[in-house]
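Below, each chain spelled out in residue letters.
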Amino acid sequence: MSRAISSFFGRKIDDVSPFSSGLAWIYPFYDEACTCGQLVVASRESQYKIFHFHHGGLDKLSEVFQQWKYCTETHLKDQQLTDEKTCMQFSIRRPKLPSSETHPEENTYKRLDVSAWLHHLNEAGQVEEEYKLQKAIFFGGIDISIRGEVWPFLLRYYSYGSTSEEREALRLQKRKEYFEIQEKRLSMTPDEQKDFWRKIQFTVDKDVVRTDRSNQFFRGEDNPNVETMRRILLNYAVFNPTIGYSQGMSDLVAPLLAEVLDESDTFWCFVGLMQNTIFVSSPRDEDMEKQLMYLRELLRLMHPRFYQHLSSLGEDGLQMLFCHRWILLCFKREFPDAEALRMWEACWAHYQTDYFHLFICVAIVVIYGDDVIEQQLATDQMLLHFSNLAMHMNGELVLRKARSLLYQFHLLPRIPCSLHDLCKLCGTGMWDSGFIPAVECSGHHPECESCPYGGLVEVSSPKPGSEGKRGLKTRDVFAFRK
């Protein structure tokens, strides 16, 4: 019962305003055991909900509240302390990130607006210093008014070195190519159309009518923007038949179309998203497994207690089902659009890593995962715990924590060879000073006698009396501040 209640209340904690605390009052009925009564949940906006508990349920509930990290019992000023409690009050606090745990450059960059964007362009319209622009977007994000102009650069539709004239010529060329793809789709034979409808169009038609319909851009019956989204997805399936269409791709196209507006430009931005962004909506099994392997290793470094809990659950726990949707849909179902799109921009900036989305995953676990450990939640309960947090987490806090985790990773003097490729793709920007950390073998190479990445194996010094015995490989030696 206690875990079921914790799952419920985990949602209510985050229903309250970001600038206020939630309150919970427990009123026992005057039964003999004093364990039955009412739970009143409220925020400072006076949003009340009342629940009744019987058969000892109130006792169980108060025990759970007292165990929670962000739930503290407070005394009522007007109530005299007696042996018998007629009311218990709990204050629900939102998680916070102390300034000592933030990236040292946090808050040094403002959101990229029109003026700042123009400052990054020379007279010909070229981005003069790509790295500086990426850094500014990574920390500050992009003002909504210029997303449609800047996103095509981040998604590799436009090159940073292209001039304004070259980009306009590219748009004309790509628009012609786009309509050639559409014409190819529309000129299918009856048999090809039947097969296409069965494999692609049937699913697309179902998905587009229920994607982002609360967004003003797609709201209302017979909205032409919904039909535009449909055409883009159908044409993409013709353009890239290997990937075709998978459920969730409409969740990625919709924000692009709402910001870029032009159908052809949106299509090619989506092509860039699928080609150049590591987290995509329909990865192959081996792609997803590689993502999960990196994430497990990052958790082992950054949150060893959570990793140990996953390990204790066996193979099911290490599959980390709770985070699959995060990766597959780029956090779009976990955060409101404004916060999710900020995360997209931070990832698309490719500042110091191509895998920033995994640091976001770790940040979510670090901030919201302690209850999983404290309550020793099983795999299905852990999935429920994080699912209930969807749309109730603080996206800005998660982003700040993710940037902090990336900074701490950047300072490591050595990295496990299991994360070698993660860092290899980061380019020279990962370590600004030119210092590259040593690679240490993690020992997980069953098919190889030696580390394929050239990682060194630390061998402990032999103790007295143990001469002749082979040294042991060092494990979990990477110091990391949570």
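Preceding this section is the structure that the text describes.
Quick caveat: nothing in here was measured; it's all calculated off a predicted structure.

Reading the values: the criteria
- Residues numbered from 1 in each chain as written.
- Predicted model: local features only at pLDDT ≥ 70, side-chain atom pairs only at ≥ 80, totals over all residues.
- Heavy atoms only, no water.
- Helix = DSSP H or I, 4+ residues; strand = E, 2+ residues; numbered from the N terminus.
- Buried < 20%, exposed > 50% of the residue type's maximum accessible area, 1.4 Å probe, protein only.
- Contact = heavy atoms within 4.5 Å.
- Areas by Shrake-Rupley, 256 points an atom, 1.4 Å probe, with all protein chains shown as cover.
- Core = buried A, V, L, I, M, F, W, Y, C linked by side-chain atoms within 4.5 Å.
- Domains from an automatic or database assignment.
- Axes fitted to C-alpha atoms, helices over the stretch in contact; angles between N-to-C directions.
- Parallel < 35°, antiparallel > 145°, perpendicular 65-115°, else oblique.
- Left-handed = near helix turned anticlockwise from the far one by under 90°.
- Nonpolar A, V, L, I, M, F, W, Y, C, P; charged D, E, K, R; others polar.
- Salt bridge = Lys/Arg side-chain N within 4 Å of Asp/Glu carboxyl O.
- Phe/Tyr/Trp six-rings, centres within 6.5 Å; stacked < 30°, edge-to-face > 60°.

Colleague: Explain the overall build of the protein to me, and be specific about the residues and the numbers.
Modeller: Along the backbone of the protein there are 20 helices and 7 strands. For the protein, buried positions account for 52% of its 482 residues. Residue pairs at least 24 apart in sequence account for 68% of intrachain contacts in the protein once pairs closer than 6 positions are excluded. When the accessible surface of the protein is totalled, it reaches about 24300 Å², and 51% of it is carbon and sulfur.

Colleague: Now, about the nonpolar core: what can you tell me, with residues and values included?
Modeller: Counting 115 residues, the largest nonpolar core has F306, F322, F356, I360, I364 and F386 as its most contacted members. Sort the elements by how many residues they give to this core and helix 16 (residues 356–368) lands first, with 12 residues. Counting contributing residues per domain, this core is built from domain 2 (143–276) and domain 3 (285–425), each supplying no fewer than three. Residue contacts for F306: discarding those within four places in its chain leaves L299, F322, V365, G369, V372, I373, M382 and F386. Among the nonpolar cores identified, the runner-up in size contains 6 residues, and L39, F53, L61 and F65 belong to it.

Colleague: Help me get a handle on the packing of helix 15 (residues 337–348) against helix 19 (residues 395–410), residues and values and all.
Modeller: Running from N to C, helix 15 and helix 19 cross one another at 20°; their axes reach a closest spacing of 9 Å. Comparing their axes, helix 19 and helix 15 come out roughly parallel. Helix 15 and helix 19 meet at a crossing whose hand is right-handed. Across the interface between the two elements, E339, R342, M343 and A346 of helix 15 pack against G395, E396, V398, L399 and R403 of helix 19. Of the residues in the contact of helix 15 with helix 19, the class split is 4 nonpolar, 1 polar and 4 charged.

Colleague: Before we move on, can you summarise the pattern of salt bridges with the specific residues and values?
Modeller: For the coordinates displayed, the defined rule picks out 24 salt bridges. The salt bridge partner of K135 is E105, with a shortest N-O separation of 2.8 Å. Of this pair, K135 sits in helix 4 (residues 130–140) while E105 sits in the loop between strand 5 (88–92) and helix 3 (114–119); the two residues are 30 residues apart in sequence, bridging distant segments of the chain. Overall, the relative accessible area of 15% leaves K135 in the buried class. For E105, a relative accessible area of 25% corresponds to the partly exposed category. Measuring nitrogen to oxygen at the nearest pair gives 3.7 Å for the salt bridge that ties R147 to E259. Taken as a pair, R147 in helix 5 (residues 147–154) and E259 in helix 9 (residues 249–260) lie far apart in primary sequence, 112 residues in all. Pair check on accessibility: R147 and E259 agree, each one buried. In this structure, a network of salt bridges that share partners links the residues D212, D251, K332 and R333.

Colleague: Go over the packing of aromatic side chains with me, naming the residues and quoting the values.
Modeller: Using the criterion set out here, one finds 29 aromatic pairs in the structure. Plain terms: the ring middles of Y294 and Y355 are 5.2 Å apart, the flat faces sit at 85° to each other, and that makes the pair edge-to-face. Of this pair, Y294 sits in helix 11 (residues 285–302) while Y355 sits in the loop between helix 15 and helix 16, and the two are 61 residues apart along the sequence. By relative accessible area, which is 1% here, Y355 ends up buried.

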